[in-house]
Amino acid sequence: FSSNIYSTYCFVFSFFFFNDTAPTEIYTLSLHDALPISAVFIMFLLLFYSLLRKCLPRFYSLVAVFLLATTPQIADYAMIIHADLFLGAFITCASLYFFLYLKDTNEKHLFIAAVLFGFSLQTKNEAIVFAGAFLFVLFLHSLSSGFRGQGLGFRKFMLSFAVVAILALPWMMTKMGAG
């Protein structure tokens with residue numbers, strides 16, 4: 001029973017997220033295969049704008065989104081369905097949500113950041129650096145909030161760690177099974 005749940009979980013995440021061999025097989029896709037990914041890229045730009053808008057004035061947010069959208073390499077990644085596009089989107093949005101959490105201590109922002117960092121581990125191996133940095137900075141933040149008399153910091157750290165670990169479980173199981 002446990003192996004069926006694990007195989008279903010792995011299938012669902014491998015269906016929606018790319019593995020490390022995806023970039024070598026994506027160049028044979030036709031245009032209609034790339035259109036949904038272009039829609040995902042546009043949704044990422046809208047989310048990126050809305051997150052920047054919470055931190056910056058409208059003009060700077062629009063300029064940043066314009067520069068991101070017109071960067072040739074990122075536009076190419078969107079058209080050829082490259083895994084780096086998803087990694088960049090997850091890491092960028094997760095980092096912005098985390099910065100918003102540090103600014104306003106809204107737990108919703110922290111939870112979304114943990115989910116996005118967990119999903120980034122499903123995308124590429126390089127995400128371990130970013131997820132580790134997120135957890136390290138959050139741990140330091142929880143220590144400093146403990147010193148200021150706010151005892152909930154460590155609970156938030158443990159919850160975020162659990163979210164990232166649960167979402168990274170298929171990635172960890174695949175890596176342990178391959179080695």
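Residues numbered from 1 in each chain as written. Predicted model: local features only at pLDDT ≥ 70, side-chain atom pairs only at ≥ 80, totals over all residues. Heavy atoms only, no water.

(A) Structural detail: the overall build of the protein chain. Scanning the protein chain from terminus to terminus reveals nine helices and zero strands. Split into buried and exposed, the 179 residues of the protein chain put 38% on the buried side. Across the protein chain, every contact between residues at least 6 apart in sequence was considered, and the portion connecting residues at least 24 apart equals 70%. Carbon and sulfur atoms provide 74% of the accessible area of the protein chain, an area that totals close to 10600 Å². (Helix = DSSP H or I, 4+ residues; strand = E, 2+ residues; numbered from the N terminus. Buried < 20%, exposed > 50% of the residue type's maximum accessible area, 1.4 Å probe, protein only. Contact = heavy atoms within 4.5 Å. Areas by Shrake-Rupley, 256 points an atom, 1.4 Å probe, with all protein chains shown as cover.)

(B) Quick peek at the packing of helix α6 (residues 83-104) against helix α7 (residues 107-123). Across the interface, α6 lies against α7 with an axial gap of 8 Å and an inter-helix angle of 160 degrees. Comparing their axes, α7 and α6 come out roughly antiparallel. Between α6 and α7 the crossing geometry is left-handed. Classifying every residue of the contact of α6 with α7 gives 17 nonpolar, four polar and two charged. (Axes fitted to C-alpha atoms, helices over the stretch in contact; angles between N-to-C directions. Parallel < 35°, antiparallel > 145°, perpendicular 65-115°, else oblique. Left-handed = near helix turned anticlockwise from the far one by under 90°. Nonpolar A, V, L, I, M, F, W, Y, C, P; charged D, E, K, R; others polar.)

(C) Structural detail: the pattern of salt bridges. Under the criterion given, the structure shown has three salt bridges. As a salt-bridge pair, Asp84 and Lys124 come within 2.7 Å of each other at their nearest N and O atoms. Pair noted here: Asp84 is in helix α6 and Lys124 is in the loop between α7 and α8 (127-147), with a separation of 40 residues, a long-range link. By relative accessible area, which is 24% here, Asp84 ends up partly exposed. (Salt bridge = Lys/Arg side-chain N within 4 Å of Asp/Glu carboxyl O.)

(D) Summary view of a nonpolar patch on the surface. There is a patch of nonpolar side chains on the surface, built from Leu56, Phe59, Tyr60, Val63, Phe66 and Leu67 and spanning about 620 Å² of accessible area. Locating Phe59 in the fold gives a position in helix α4 (residues 58-69). On the basis of relative accessible area, Phe59 is assigned to the exposed category, the value being 58%. (Patch = residues over 30% accessible without salt bridge, like charges linked within 9 Å, V, L, I, M, F, W, Y side chains within 5 Å.)

(E) Main features of α4. Here α4 spans 16 Å end to end across twelve residues, near enough to the 16 Å set by a 1.5 Å rise per residue. Among the residues of α4, Ser61, Val65 and Leu68 are the ones counted as buried. Buried residues of α4 fall within an arc of 60 degrees about the axis and therefore sit on the same side. For α4, exposure combined with an orientation more than 90 degrees from the buried face picks out Phe59, Phe66 and Leu67. (Expected span 1.5 Å × (residues − 1). Arc of directions from axis to C-beta.)

(F) Quick look at the nonpolar core. Grouped together as the largest cluster of nonpolar side chains are 42 residues, with contacts concentrated most on Phe44, Phe134 and Val164. For this core, the secondary structure elements donating two or more residues are α3 (31-55), α4, α5 (72-80), α6, α7, α8 and α9 (153-178). (Core = buried A, V, L, I, M, F, W, Y, C linked by side-chain atoms within 4.5 Å.)

(G) Region of the structure containing the environment of Ile112. Mapped onto the elements, Ile112 comes out in helix α7. For the pair Ile112 and Ala94, spaced 18 residues apart in sequence, the C-alpha to C-alpha distance is 7.1 Å.

(H) Inspection of the packing of aromatic side chains at higher detail. Taken as a whole and assessed by the stated rule, the structure comprises nine aromatic pairs. Look at Phe41 and Phe44: their rings are 6.5 Å apart centre to centre, the planes differ by 35 degrees, and that puts the pair in the tilted class. You can see Phe41 and its partner Phe44 sitting in helix α3, three residues apart, about one turn around the helix. Aromatic rings pair up to connect Phe98, Tyr101, Phe117 and Phe134 into one cluster. (Phe/Tyr/Trp six-rings, centres within 6.5 Å; stacked < 30°, edge-to-face > 60°.)

(I) Here's a closer look at the side chain of Ser120. Here Ser120 lies in helix α7. What makes Ser120 buried here is its relative accessible area of 0%. From its side chain, Ser120 meets the backbone oxygen of Phe117 in a polar contact 2.5 Å long. Once residues within four sequence positions are removed from consideration, Ser120 is found in contact with Leu87, Phe90, Ile91 and Ala127. (Polar contact = N/O pair within 3.5 Å; in protein donor to acceptor, adjacent residues only side chain to side chain.)

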